[in-house]
Every structure is written in structure tokens, then in C-alpha cells.
Amino acid sequence: MERRKHPENTDTGAGRIAGYSAAEASHVFEEFLEERLSYEAFWQWLQGYPYTPEGAPGDDPDIEDEINRAILALRAFQAGARSWPEVHRELMDSRQRLTGLARF
């Protein structure tokens, strides 16, 4: 999935793109959970989050935490350590928390 530029996803002037907005992240999680986005495309989107140790202006650590939870859940599934229903529940919970963050 190609990353679209939004006001929240613009060049910070430091030579990198800011992270996803809560609304965008919630939408992509929903697309995956509703099976309108493939596993591979969702994984690629998750991997596209621009991590830096100090973050960038406008980055929200709560959004990054949800991205990380999704990555860890999917890795556990890939390794056989978690079932799909467990992972699906975790992703639904993350989407719900992201929706809550988007409302602020």
C-alpha cells in the first residue's frame, strides 16, 4: 500500500516523514479487519511507520504503541505462538484505541 501524504504525514523539515495520524491508522486497521486490505498490504503498511529514537514533531507515542502491538501480534502469529482469533482480537482492540485517539 502506498503511503499517502496527509497534513499529519508531511515532511518535518528534518528530512523524514511524520508518523500516521490516529484517524488514518484506525482506518487502515479497519480495512484489514474487514478484509478489504490483504495481510501483505497491512504488514507493509505497518512496516512503513517511520521510527526514530526521538520521534518527530507531531508524532504521537500512543499511535506508535498501537502500531508496535500490531506488529508483535502478527509476528507471534507468524511464529505459531498466537492463534488468529487472539491476534484478530488484539487488532480490534488496537483499532478501537486508535479511533478513541482520533476523536481528541
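Preceding this section is the structure that the text describes.
Rules and cut-offs
- Residues numbered from 1 in each chain as written.
- Predicted model: local features only at pLDDT ≥ 70, side-chain atom pairs only at ≥ 80, totals over all residues.
- Heavy atoms only, no water.
- Core = buried A, V, L, I, M, F, W, Y, C linked by side-chain atoms within 4.5 Å.
- Buried < 20%, exposed > 50% of the residue type's maximum accessible area, 1.4 Å probe, protein only.
- Helix = DSSP H or I, 4+ residues; strand = E, 2+ residues; numbered from the N terminus.
- Contact = heavy atoms within 4.5 Å.
- Axes fitted to C-alpha atoms, helices over the stretch in contact; angles between N-to-C directions.
- Parallel < 35°, antiparallel > 145°, perpendicular 65-115°, else oblique.
- Left-handed = near helix turned anticlockwise from the far one by under 90°.
- Nonpolar A, V, L, I, M, F, W, Y, C, P; charged D, E, K, R; others polar.

Some words on the nonpolar core
Formed by 22 residues in total, the largest nonpolar core has its most connected members in Phe-29, Phe-42, Trp-45, Leu-46, Ile-67 and Leu-91. Looking at this core, the elements that each hand over two or more residues are helix H1 (22-33), helix H2 (39-47), helix H3 (61-78) and helix H4 (84-102). If we ignore the near neighbours within four places in the chain, the residues touching Ile-67 are Tyr-20, Phe-29, Trp-45, Leu-46, Tyr-49 and Tyr-51.

Remarks on the packing of H1 against H2
The contact between H1 and H2 brings their axes to 10 Å, and the two run at 160 degrees. What the angle tells us is that H1 and H2 run roughly antiparallel. The two elements H1 and H2 cross, and the hand of that crossing is left-handed. The segment H1 lies against H2, with Glu-24, Ala-25, Val-28, Phe-29 and Phe-32 engaging Tyr-39, Phe-42, Trp-45 and Leu-46.

Some remarks on the packing of H2 against H3
Relative to each other, H2 and H3 sit at 135 degrees, their axes nearing to 10 Å. If you check the angle between H2 and H3, you find them oblique. Both H2 and H3 take part in a crossing whose hand is left-handed. Side by side, H2 and H3 meet where Tyr-39, Phe-42, Trp-43, Trp-45, Leu-46 and Gln-47 of the first sit next to Ile-67, Ala-70, Ile-71, Leu-74, Arg-75, Phe-77 and Gln-78 of the second. The residue makeup of the contact of H2 with H3, split by class, is ten nonpolar, two polar and one charged.

These figures come from the coordinates and say nothing about function on their own.
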